[in-house]
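Letter by letter, the chains look like this.
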Amino acid sequence: MKSMIDELLRENVLGSEIITWDHLRGGTSSAVAKIQCEDGKTYVVKGNEANLIYWEATFLRFYKDSALLPRLVYDAKDYLVYTFMKGDTLGARSEKAKMLQDLTVGLINEYKPIMRGWGWHEKFTWHKFLQQEIMGAEAIIGKHLPNEDAVLVRKVVKDQPRERLYFLHGDCGVHNFLFQDGQLCGVIDPLHLFGPPMYDLIFAFCSSPDSLDEKTLQDALLFFNGEIPGELYGSVLIGLYIRIARCLLHHPEDLAAYLEAWTYWKALYYSLNLQLKCNGN
């Protein structure tokens, strides 16, 4: 981190002397510091692997007009600088429905489709990505869910329609949300992903164990401008299955709540499919 600060000073990137800098809590591979400048402005310096820095900078540049994202100031090979946003990832937050509404209006509705040949591998498909995610989750979940549930979620992934790809945040959960005075005020730490905007919304919905009910999600969808998948319940099952695996790795104390939600959404999925069969669809 000191070498990054020294380079910023040497190149006069910020146009003002740095008064102080302090380490912040970073991710598994990143080093993060908050720097205070003589002109009163505050920034975040984040160091990480070159590929991750490239895509984070690209995301911030691509959505520079979003009020929920920090403003990119400078990026180098292995670090970037962006404006400091007041808020706390562990702070009190609004009800989940309101949080999801603010996220949808402030960021997800801003997502743009990617163009062929623009920074992505031509062989990438959304189905392959989901299949890989589910395979990884299945290995972690093991016997916490019966095998029939793994079979179900594999079928749901297989039945997902082909969708247009957008440039997504990719890790759009409460652990990357900033809250101030109980309201969502920022989103940090994007991991680039190309997929449908609904994925980030469902990812956010599933990222905490509270209010995992249909009404909460439907209230957020009232503000969603994108295409809602025909099998919404199936999409939620995919998101929940992936989240249960992450819960086991990082927050095992939340497992009971997620298993309850899994049973709830699985019942909705089966009920809808039974209804469709009875109607001859």
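Scroll up for the structure.
Residues numbered from 1 in each chain as written. Predicted model: local features only at pLDDT ≥ 70, side-chain atom pairs only at ≥ 80, totals over all residues. Heavy atoms only, no water.

Draft legend 1. A look at the pattern of salt bridges. Applying the stated criterion across every chain, the model contains 13 salt bridges. Asp189 is the partner of Lys46 in a salt bridge, and the nearest nitrogen-oxygen pair spans 2.7 Å. Of this pair, Lys46 sits in strand β3 (residues 42-47) while Asp189 sits in the loop between β8 (183-187) and β9 (193-195), placing them 143 residues apart in sequence. Asp171 is the salt-bridge partner of Arg246, the closest N and O atoms lying 3.8 Å from each other. Of the two residues, Arg246 is situated in helix α8 (residues 232-250) and Asp171 in the loop between β6 (166-168) and β7 (177-180); the sequence distance between them amounts to 75 residues. On the basis of relative accessible area, Arg246 is assigned to the partly exposed category, the value being 25%. It is possible to trace a salt-bridge network through shared partners that takes in Lys46, Glu56 and Asp189. (Salt bridge = Lys/Arg side-chain N within 4 Å of Asp/Glu carboxyl O. Helix = DSSP H or I, 4+ residues; strand = E, 2+ residues; numbered from the N terminus. Buried < 20%, exposed > 50% of the residue type's maximum accessible area, 1.4 Å probe, protein only.)

Draft legend 2. Region of interest: helix α4 (residues 126-141). An ideal rise of 1.5 Å per residue puts 22 Å on 16 residues; α4 measures up with 22 Å between its terminal C-alpha atoms. Along α4, the residues classified as buried are Trp126, Phe129, Leu130, Ile134, Ala137 and Ile141. Projected down its long axis, α4 carries its buried residues within an arc of 125°, all on one side. Turned more than 90 degrees from where α4 packs its buried face, Gln132, Met135 and Ala139 sit exposed. Contacts from the buried residues of α4 go to α5 (147-158), β9, α6 (197-206) and α8. (Expected span 1.5 Å × (residues − 1). Arc of directions from axis to C-beta. Contact = heavy atoms within 4.5 Å.)

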